[in-house]
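What follows is the residue order along each chain.
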Amino acid sequence: MKAIRFHEFGPPAALRYDDVEVPAPAPGEALVRVHAVGVNRMDVEMRAGIYGGESLMDFYFGQMMEFPHTPGIEPAGVVEAVGEGVTAVKPGDRVVPHSHLSCGACRQCLAGHDNACAQIRVLGVQTPGIGGYAEYFTWPARLLIPLPDSVTYEQGAALLVNYGPVWTALIQRAELRPGDTLLITGATGGCGHAAIEIGRLTGARVLALGGGDEKLEELASMGAEPIDYRGGFAADVLEATDGRGADVVLELVGADTFKESLGAAAGRGRVAVIGSHGGIQTELNLGLLFAMNLQIHGITRGNQASMQKLVELAGTGVLTPKIFRTLALAEAAEAHRLMDERKHSGKIVLSVA
Ligand SMILES: [Zn+2]
């Protein structure tokens, strides 16, 4: 089969269109034929060998990485074959993977918090030889979620990586409620779009940060109230909320915006941090933290129950992942160049014919 791999860290051209063996499903696993795979910031940073400005190999996500590496966290496809003992899926089933492989036996897993399992391995990140940028991948059948016929493969490949952690952050952790004001940093990216949709679905007022007229217009067209973050935004948020601040701040950028995010939070506000591509290290004003009775939540990913819920919601048409462009698998390097340019709006998807 064809697979996109990189044999060393480097620029987008490091991605090679290789011929590799089709993996065989082990007992309990299924072989999935990929129809589409989402391109994520994680893929780009892994290829470059950098995460949040630091060496990937020093970081959690770099552990267990081997060259050549096949990236791809977010494939969607059809079950082609199943290994011994599999009854959860059958050949022909349309599926998307819950791409976080947890142990299933620790305290966190048994309590339904599989997203916090210490043993977790992420598809296309810590699964040597297996990734979504390929014609086939194998994955435990228990972690395959049925993809409704009403959701295209492209949409299926643009859903869980963004909507999963955002759902967990906003609904499960920060407990966003109708009437709350939600502030989203980095709102023009894939997680930002997901947050606008989930925020509006919840009945919250949504303030969204972007830079430049074009991005602000786009945020407004999605039903958010746009704010230009350049030159600071905490004062704008306070002004827009009669001095109160945002009840929930979804921090999608990292160190570059965190200080202002904390300053933009209302009393008893909840600041939920997902990812830190804009820098890992930051200062925390403890005085502000306790004086304002703030809560800070860290979220890496969604749990399996929330992933299943999100696929169901997408099936009813309530959630509509925005696709920016679809390219062929062989054009993965071009897709990474587009990601590096940061001019895209919505998901870049690779089509695997
Ligand atoms: Zn576990």
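Since the structure is predicted, the reported quantities are computational estimates derived from the model, not experimental observations. (Residues numbered from 1 in each chain as written. Predicted model: local features only at pLDDT ≥ 70, side-chain atom pairs only at ≥ 80, totals over all residues. Heavy atoms only, no water.)

**Q** Got a minute to help me understand the side chain of T168 in this structure?
**A** Looking at where T168 falls in the secondary structure, it is placed in helix α4 (residues 160-173). Of the residues examined, T168 reaches a relative accessible area of 2% and is grouped as buried. Every residue in contact with T168, bar those within four places of it in the chain, is listed here: N115, R173, I299, R301, G302, N303 and S306. (Helix = DSSP H or I, 4+ residues; strand = E, 2+ residues; numbered from the N terminus. Buried < 20%, exposed > 50% of the residue type's maximum accessible area, 1.4 Å probe, protein only. Contact = heavy atoms within 4.5 Å.)

**Q** Sorry if this is basic, but what is going on with the nonpolar core here?
**A** Nonpolar side chains in soluble globular proteins generally cluster together in the buried interior. L160, V166, L170, L182, I184, I196 and L250 are the most contacted members of the largest nonpolar core, which has 47 residues in total. A per-element tally of this core places α4 first, with six residues. Each of domain 1 (2-159 + 321-351) and domain 2 (163-299) accounts for three or more of the residues forming this core. Leave out the neighbours within four places in its chain, and L182 touches L170, L176, A195, G199, A204, R205, V206, L207, V248 and L250. (Core = buried A, V, L, I, M, F, W, Y, C linked by side-chain atoms within 4.5 Å. Domains from an automatic or database assignment.)

**Q** Help me understand the side chain of E197, please; the structure alone is not making it clear to me.
**A** Tracing the backbone through its elements, the reader meets E197 in helix α5 (residues 190-202). R200 provides the closest opposite charge to the buried, unpaired E197, separated from it by 7.8 Å. Every residue in contact with E197, bar those within four places of it in the chain, is listed here: Y163, V318, L319 and T320. (Lys, Arg positive; Asp, Glu negative; His and termini not counted. Salt bridge = Lys/Arg side-chain N within 4 Å of Asp/Glu carboxyl O.)

**Q** Looking at this structure, I do not really get unusual backbone geometry. What am I missing?
**A** In most cases, non-glycine residues show a negative phi, while peptide bonds are predominantly trans. Geometrically, the link from F67 to P68 is a cis peptide bond, its omega value of -10° lying close to zero. Among the secondary structure elements, P68 is positioned in the loop between β5 (54-55) and β6 (74-82). Despite not being glycine, E175 shows a phi value in the positive range, around 50°. With respect to the helices and strands, E175 occurs in the loop between α4 and β12 (181-184). Judged by relative accessible area, which is 42%, E175 ranks as partly exposed. Despite not being glycine, R268 has its phi angle at roughly 60°, a positive value. Turning to its location among the elements, R268 is positioned in strand β16 (residues 265-274).

**Q** Explain the packing of aromatic side chains here, please?
**A** Working definition: an aromatic ring pair is given by the centre-to-centre distance plus the angle between the planes. All told, the structure shown has three aromatic pairs when counted by the stated rule. Measuring from ring centre to ring centre gives 6.4 Å for F6 and F9, while their planes differ by 35°; the resulting arrangement is tilted. The class of F9 is partly exposed, set by a relative accessible area of 28%. Aromatic pair F9 and F67: ring centres 5.0 Å apart, planes at 75°, arrangement edge-to-face. One end of the pair, F9, is in the loop between β1 (2-6) and β2 (15-19); the other, F67, is in the loop between β5 and β6, with 58 residues separating them in the sequence. When the ring centre of Y153 is taken as origin, the NZ or CZ atom of R94, which lies over that ring, is 4.4 Å away. (Phe/Tyr/Trp six-rings, centres within 6.5 Å; stacked < 30°, edge-to-face > 60°. Lys NZ or Arg CZ within 6 Å of the ring centre and 35° of its normal.)

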